[in-house]
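# Analysis of the macromolecular model
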Amino acid sequence: MGESANNGCPTDEIIPRGYQLDLAEKALSQNSIIAANTGVGKTYISVLVIIEKSYEIRMMGLKTLFIVPTNFLAYQQTEYLRKHLMCTVVKYCGVDGVDNWNERKWNEKINSNDVFVMTPQVLVDVIEKGYMHLSKFNLLVLDECHAATKDSPYAKIMNLYRETKNNDRPTPHIIGLSAPLINGNCNALEVENKIGALEMMLDSTIITLPNYQHKQCLLGTRATRSVEYYEAFGLSNLEYSQFYDILCEGLQSVDEIVLDKTEFNTFEEQLSLKKEYIRKVKDLQEILKQLGSVGLCILVEHHKQKVQEVSFSTSTEQQCLEIFSNIITRVENEALNPINVVSSSKFEKLLDILNREIAYKSGISKEMRSIVFVERRSTAFVLAQMVDFHCQSAQIKCNFVTGQVGLGDYKTGNTPLDVVESAYKTQMKLLDKFRNGSELNLLVSTSVLEEGIDIPDCNLVIRFDLPTHYKSFKQSIGRARYYPSKYISMVMIGYGGQTAGEINKYDQVSSEILNVCQKKLDRYGCDGDDATYIPINDSDSYADVYHINNNASIRMSSSIALLNKYCGKYSDKYNVIEPAYTYYRDRDNKVYVVLVLPNKLPCQRKEFSSIEFPMPNKRLGKMRVSFEACKYLHREQHLDDHLRVLLKLEDSDTEDDDGDNNNVILLRDGKHGTKKRSVQYNKNFPEVLKQTWPQPHMKAYIYPIPLYESEAIDRPLDEDGCHLGILLLEPLDRYSIPTMNNLTLKGKSDIKFSINPPKSIIISQEDVKNYSVFHQYIFDEILSFKSQTNLKFLPESSPFGFCIVPLIRSGDDNYTISEQSVQKVIQKDICFWNFDPNDDIVSIMKDAVVKKNYGNNEIFYAKEVMLGMDTESEMEKNVTFGSYYSKKYHVTIKYPQQPLIKSSYVHNLLGEKGEKKDKNVRNAIYLIPELISILPVPITLYKRLLLLPRILNRISSILIAEELSNRIKNESLQVLLKEDLIIPMDVSSFEVLKAITTTSAGEEYNLERMEMIGDSVLKYKTSVYLYARKDDYEEGKLTKKRSSIIKNAHLYKKAIVKNLPELMQTQMFSKYKNWIPPGYDLCHSEPCGQSADITMGSLGKALSIATDLRSVYYQDISDKSVADCVEALIGCYWRNCGEEAAMLLMNWLDIGIPLRSATECAEFIWRQNDTTMCMENLEKLYTKRFIDTFEKTIGYTFKQKAYIVEAFTHPSYKFNRVTNSYERLEFLGDSILDFLLTKYIFNFGDPDLDPGRLTDLRSSLVNNELFAKLACRHEFNKFLMHISPILNRDIDTFISQADISAFDEDNANGEGYDYREVVVAPKPLGDIWESVAGAIYVDSGMDLDVVWRVYYKMMKEVINNIWSTYL
């Protein structure tokens, strides 16, 4: 009945998994009464049977009946069945107004629905009216079937069943559900006859668990029982007697009312009205006895409010109301004296118990739940209020449940349907709070909670009113299932012996029920059909003991336990791995058994047979075949010599972890592939720029480097000014350098630069000398590299062997070397300007760059000659410029009338992040001409020189990326020729540069976006390859194998082989720390100029370079960054050249995925000896799960139905013997959805979105919690085939407590996911969301577009909602 599993039970309690399958299989084979206590999961077993027989609903048009004794149970069971069945489930009770339906309406309802939940009288009435016939039903489930006695509605249903059977018409299969088996009272001697009568009545056989399990199945509790005594109610007490007299007088008055027969249609109506008011007065009397005058006053107040709302239509009704109102008034007047208002000793005793058992514990425990059982609804109503009032400061939160509407009507007639439904919803909300435990932990209840209602296991059950019969005792004590728990009976002093006798009788009945069930088991032997019983100790004589070297041994008697222990190691929360046994008999009635190990095990589907060792019964046959399996497991090293389980998920696929060169300089140790592990690597320089310094009388090539404003890239900056260019021996024709490259300026717009087509010239010896002087001057003097003592101008050995020359532009892109600029630099004496008042200062200072001859020799740009200001002008009040400079710098001004020069600092236009910023910089200062020198370069050239290091560094990076791209293309060409394939591999150098640049480089581009998509591509392609090529691998092996391929440690080692770390760009640019100018080299202990000798071989050699310049030739990179680079390269080639190019790159890296695997996904071959039987069973699975409706819902029809059946088959579902479980498809679908969603984000996401936020967005869309909610939202869970009650419970809890319709940032990120505090999404829900994607993929011929069309339609809303939070 939707019962929850045992919480807090000891480990030797029944594990609620495997036995449901056993009982379901028995129930499918014969009419059965499932005898099991509340909490064992009888309703879940009936659901399994309904599902297995739903094929008859779809193909034969038959229907299913589910009969429950009460309206309250009808509501609950209808909801439960709707959650777990795809067929249409409807509820019909008397309150639904079905009594007035005609035959046409009943036929309409029967034809349009599949499963009918009814109260028994409704079914009897509709059959007797001829509107329905049992022959149209395939299954009849009778909940609480022990009620089928004498002339009960259940008994009438079975009489109709027998009539149908006797008329040779088809009858439904019968499943009875019962905990007590006995209805009402009986003694132990009557038990066997009553059980036999129940079996005969239901035409069924009682089934329960085999061997020791049936005891716990029937008892279902280990509660400690005790008795608490209270004092009797005393009429002699003044505070009671006056109230009691009022009630007795009122009762007599109601009884003496003379009914007017003319006012009623029938005598029953007259009598019903009078009885209702007599009952109300008796309720007041009972409350006074049970709870004292306090309780009486509470109930009177309730009735007072109700009486005021009642209108009457007859004089009889008026008399009844007047008498009852008089009683209320008199009780209220008596209660005005506080002395008269007291609670009963019984209530005080209850408070003592609650305070002792609950309130004194620390805080409200979600695991602490209690029920107080009472007989009357009015008692439940009043008692709950009294307890809640007295325990307000304690840890007790109390309410009541009765299962009915109010405490009784004041007028005759049926209660309206909307009122009933409202009452049901209210009480269900209370039960939800009780299940949660944080808002409600004590319920006062009538017998409604004794049977059927789904509530958690309770720690404490109190019988405030003692049970009146065995059924009440059995079902109430069954609620105390938590371990440990208590069952307390409250007994009036003087009645202890009588109560003890009754409880003893109940215990005797329980014991006799166990004995009767045991006899039924013994009658068929230990396994259900054997007449021969052989003691366990004698079983070892049927096989020789298997001895192991260390004296351990395997015996036949212990083999089943050992095999179960081995399988248990591979079990999980939702799937108990168990071997499958099939029994056969030969002509001599001997038994032999076939054992098949489950697919989940390493030795999957391994089969063992005892055909050579026939046994006298099933039990021994099972032992014998298990004995053979255990010997095999030891021989194959699945069990060690001490019979301990050796977990083997997969053959050894691990690689040797020591894959580095012995000469590696390890900076931080840690596991391979992690951030913690960091290694020092060489920095590569472009081969094309090495040793290309211009030589005399040889052709050289000039490459202009014009700069552009990003807003106006059609014209260079300072179009008529001086430009810079590269002069080198070798052309760069084979390198595809991007036409435009961004450089980010500090606080300004971006600058773009390009490398124009070259111009060839022949240079003289003099030219080489002059150009060398210019080159050395700009780096030593202008860019201040002279201060780097370890740097020397050594053009022949420099890793950058090219020369920088000044250019002048004339015409369209016609650049020539500016000899004038070169000569200015050569004639260095022009810098030392001797001021002459007669000089044309305005002309001299035009575009001039000046340097102070005092202080720290700072450099400025001369913006304007201030002819109206001189040294005698005031700098500030009473202070002239001349006096200020003289005082501060100790200089003497020769010419006081010389004009001042308005100047500004020449800032580093790129604002290198690694260099400190001067906080004291002023926008403009005034310089005195005679105190400055003029540099031999104009401001137009000077600005370019400031940008030059960054430009050259970018050019170097692009050339390194270009060389890597060419290398990949050329080396892959051989593979293409061998495989006879044509795959374009043309990727721009800038795209490759992104893939090898880490975030630590501080550039406006990096590998993060490429790494994200590359990671997904790698996972996807690896999964497809393994799924297709490793069709004998179960999910555990596939996952581990995939992990070994895509893990960072593996990618890192493949990158090392290709020397990728030496090409990576990981350092934030700083021209004085990790960059070397062209034509320069470091001087250290080794001869300068032999850059090829600078290797990773020796830490001492590395340290011989000045510490602050070590980063020029070396870089420190973590293993994870190297692995990220590999993934980024995969993403780069996928994005620019497509899937095949990405596969070719993976082949070049030797990651472990063959080039042709993308087109070689083998069709899944169903290996069955009998193809016809296979397809027939497959069709049944497909049909009975209503999968055709699922296909309509998602808009995709499967060509091969086996794929979708497999996608919905949980590992626990053993009825599917046609396909595997969904695990392999889930493995595939996981990577497919990850790839599709990542691709969508990559293609349509904001390109300016921070990569970290992009990764968060991906994580928000690809996670089990979200997939589980989507699966429930689209009702995937209804098609999931499983037999795990724990999974069933968790899915129910998840759906009820998680808001599966809401998808926002909190839901996506897991920040503030309210339901996570209560329930975690069951993993199988997310699994089937992925497995269906895998099924569509393979069924559609590996068409990703098809998968995306189906899933985007279902995910569009959540994608948009989550996406919006990141914009």
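Residues numbered from 1 in each chain as written. Predicted model: local features only at pLDDT ≥ 70, side-chain atom pairs only at ≥ 80, totals over all residues. Heavy atoms only, no water.

With that settled, the discussion passes to the packing of helix α21 (residues 765-782) against helix α22 (residues 819-826). Where α21 meets α22, the closest approach of the two axes is 9 Å, and the angle between their N-to-C directions is 70 degrees. With respect to α22, the element α21 is oriented roughly perpendicular. Between α21 and α22 lies a crossing of left-handed hand. Listed contacts from α22 to Asn770, Tyr771, Val773, Phe774 and Tyr777 of α21 are Glu819, Ser821, Val822, Gln823, Val825 and Ile826. Classifying every residue of the contact of α21 with α22 by side-chain character gives 7 nonpolar, 3 polar and 1 charged. (Axes fitted to C-alpha atoms, helices over the stretch in contact; angles between N-to-C directions. Helix = DSSP H or I, 4+ residues; strand = E, 2+ residues; numbered from the N terminus. Parallel < 35°, antiparallel > 145°, perpendicular 65-115°, else oblique. Left-handed = near helix turned anticlockwise from the far one by under 90°. Contact = heavy atoms within 4.5 Å. Nonpolar A, V, L, I, M, F, W, Y, C, P; charged D, E, K, R; others polar.)

By the element assignment, Pro837 lies in the loop between α22 and α23 (841-844). Once the C-alpha coordinates of Pro837 and Glu930 are considered, the two residues, 93 residues apart in sequence, prove to be 9.5 Å apart.

So, about the nonpolar core. Within the largest apolar cluster, 236 residues are counted, with the highest numbers of intra-cluster contacts made by Trp106, Met118, Phe1276, Trp1329, Ile1336 and Tyr1351. Counting residues per element, this core draws most heavily on helix α42 (residues 1344-1364), at 12 residues. Those residues within four positions of Ile1336 in sequence are excluded, and the remaining contacts are Ile1194, Tyr1196, Phe1198, Val1346, Val1347, Val1350 and Tyr1351. Membership of the second largest hydrophobic core comes to 63 residues, among which are Leu707, Tyr777, Tyr815 and Val937. (Core = buried A, V, L, I, M, F, W, Y, C linked by side-chain atoms within 4.5 Å. Buried < 20%, exposed > 50% of the residue type's maximum accessible area, 1.4 Å probe, protein only.)

Our focus in this paragraph is the sheet that holds strand β16 (residues 580-585). What the 3 strands build is an open sheet, ordered β16-β17-β18; its pairing is antiparallel. Taken across any chain shown, the strands that pair with only one partner, and hence form the sheet edges, are β16 and β18 (607-609). Here the average twist between neighbouring strands, direction ignored, is 15 degrees. With 6 bridges joining them, β16 and strand β17 (residues 591-596) adopt antiparallel strand pairing. (Pairing = 2+ DSSP bridges.)

With that settled, consider unusual backbone geometry. One non-glycine residue, Lys150, lies in positive phi territory at about 50 degrees. Position of Lys150 among the secondary structure elements: in the loop between β5 (137-143) and α7 (153-166). Relative accessible area serves as the criterion here: at 76%, Lys150 is assigned to the exposed category. Phi is positive for Glu1275, which is not a glycine, with a value near 60 degrees. Locating Glu1275 in the fold gives a position in the loop between α38 (1264-1273) and α39 (1285-1297). Looking at Glu1275, the relative accessible area reads 34%, which means it is partly exposed.

So, about the pairing of strand β29 (residues 803-809). With 6 of 7 residues buried, β29 is to be regarded as a mostly interior element. The pairing of strand β24 (residues 722-728) with β29 spans 6 bridges and is classified as antiparallel. In the sheet register, Cys722 faces β29, and the bridge partner there is Ile808. Remark: 5 residues form the turn of the hairpin made by β29 and strand β30 (residues 815-817), two consecutive strands paired antiparallel; Gly811 in that turn has positive phi of roughly 75 degrees.

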